[in-house]
Amino acid sequence: MVKKRVIPCLDVAGGHVVKGVRFEGLREVGDPVELATRYSQLGADELVFLDVTASIEGRRPLLELVERAAAELEIPFTVGGGIATLEDARGLLRAGADKVAVNKAAVDRPELLTSLADEFGAQAVVCAIDSRGGEVVTDGGRSPRGRDAVDWACEVVQCGAGEILLTSIDADGTRAGYDLELTGAVARAVTVPVIASGGAGGAGDLADAFEAGAEAALVASIVHERPERLPELKDELREAGWPIRT
Amino acid sequence: MNAVLVDYGAGNLRSVCSALERAGATATVSADPGIVRAAPLAVIAGVGNAEAAARRLQADGLAEALRERAAAGRPVLGICLGMQLLFEDSEEGGSGLGVLRGPVRRLRAGRVPHMGWNTLRLTAPSALLDGLDGADVYFAHSFACAPAEPVAVAEVEHGGTVVAAVERGAVAGVQFHPERSASPGARVLRNAVAWSRSA
């Protein structure tokens, strides 16, 4: 059976990681591809590169990063953050990204999902959905969009998204656990894989998210502050009986 | 050993090129039927729309070159969409090369696309998957092959049995992404290079 996935998320800006990560006994790693390789060696099942610049200047460095990652990484990776147009997404997929994650652009023009899925297949199209109190928000949580997150999830799947990256803005950064009610509601409403995001504190939180129906869990600060936490999380989950890749 | 990746407009051949180079091949990309015909190993990789891909292969003379290779016992490896293109009619649209018999059907399972690491179960001797029974490899697909001849060599479990790999003589296909399947994937490509050298 398909295994549950633990997915580190790396924030990048202008092709560099936003904050370097220190691995045991090594110098701080600031290059996203080197960082990704380290996480891959530690057992990451997949990676997400999130471009936080959301600016025109960031486009070229991001494409170069994707080209290098495509050539060097041996696990799949998704690129997201500021993808505004079909051309942006196409460029990143052609450069070698396995998947692209679109968020606001999909809310503005759901047809974007359909165009991407028609050209590259649904498996290459992730719709990132940010929710606050069950309402879709964009622009890093600043813009409420007046849509119910679960309804929106159903719609994006109908439009062609092959996976949903579901972030609870409420839970994000709290380390008090993922938003299980939201995750469960979306996982029950759609038939594509759902990646839980926002709130991870420990293995128990990931287990709860899987229990709620998530196929994968995104982790960020808990592995950035100590990368060796990644294999520990996977070991704990495996010992608790979850199907986890060794 | 030179591996040629068939360029038929489906994106993302760079990852497979790099992975083949790590496996000991020199990998080039070409849309030239002559080059595809002559190479020691022809690889059909890429992601995209099955119908569009099949049409391009036909229009560019690549389908003919690949069929000739298969008939002559010259190695052809299909990866993901490439494996599906070895077969016949696809529910996604279009028809593949017909080098292997059987349709391509939409997956019927709890979660589609089938996305993530799944465990290979070898069902027949396999040059490509030698030593990989029980290995986890990465899948990302919504359609799967339903061979009408006994060419399946491995399967995985996802809402029922899903054919994970096929082999018949010099024609092989893997539904998963060996270039994104860490050590097991690298091993598949090393096996593929050895397999094509011995053909």
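Below is a short write-up of the structure. (Residues numbered from 1 in each chain as written. Chains lettered and ligands numbered in written order. Predicted model: local features only at pLDDT ≥ 70, side-chain atom pairs only at ≥ 80, totals over all residues. Heavy atoms only, no water.)

**Remarks on the nonpolar core**
Step number 1: Core analysis: the biggest nonpolar cluster contains 83 residues, and Y39, F77, L116, I129 and I164 of chain A have the highest contact counts within it.
Step number 2: Looking at which element gives the most residues to this core, the answer is helix α6 (residues 149-159) of chain A, with six residues.
Step number 3: Residue contacts for Y39 of chain A: discarding those within four places in its chain leaves P8, L10, V21, F23, A44, L47, V223, H224, P227 and L230 of chain A.
Step number 4: Counting residues in hydrophobic clusters, the runner-up holds 40 residues, among them L120, F139, A144 and V193 of chain B. (Core = buried A, V, L, I, M, F, W, Y, C linked by side-chain atoms within 4.5 Å. Buried < 20%, exposed > 50% of the residue type's maximum accessible area, 1.4 Å probe, protein only. Helix = DSSP H or I, 4+ residues; strand = E, 2+ residues; numbered from the N terminus. Contact = heavy atoms within 4.5 Å.)

**Notes on the environment of G78 of chain B**
All names here are of chain B.
Step number 1: You can see G78 is positioned in strand β4 (residues 76-79).
Step number 2: Put simply, G78 and V29 are 49 residues apart on the chain and 14 Å apart in space, counted from C-alpha to C-alpha.
Step number 3: Contact partners of G78, with chain neighbours within four places excluded, come to I44, M83, L86, A172, G173 and V174.

**Some remarks on the interface of chain B and chain A**
Step number 1: With 29 residues of chain B at the interface, the matching set in chain A holds 40 residues.
Step number 2: Counting the surface lost from both chain B and chain A, the interface buries some 2,700 Å², and carbon and sulfur atoms represent 47% of this.
Step number 3: Contact with chain A buries area across many residues of chain B, yet R111, W117 and R180 of chain B alone supply 30% of it, more than any other trio.
Step number 4: Across the contact surface, chain B and chain A share three salt bridges.
Step number 5: The residue R180 of chain B makes a salt bridge to D98 of chain A at a minimum N-O spacing of 2.7 Å.
Step number 6: Here chain B and chain A share 20 residue pairs in polar contact (both at pLDDT 80 or more) between them.
Step number 7: Broken down by secondary-structure element, the contributors of at least two residues to the side of chain B that touches chain A are α1 (14-22), β6 (114-119), β8 (136-141) and α6 (182-197) of chain B.
Step number 8: Among the elements that line the side of chain B that touches chain A, the one with the most residues is β6 of chain B, at six residues.
Step number 9: Across the side of chain B that touches chain A, the residue classes tally to nine nonpolar, 13 polar and seven charged. (Buried area = accessible area lost by both parts, 1.4 Å probe. Salt bridge = Lys/Arg side-chain N within 4 Å of Asp/Glu carboxyl O. Polar contact = N/O pair within 3.5 Å; in protein donor to acceptor, adjacent residues only side chain to side chain. Nonpolar A, V, L, I, M, F, W, Y, C, P; charged D, E, K, R; others polar.)

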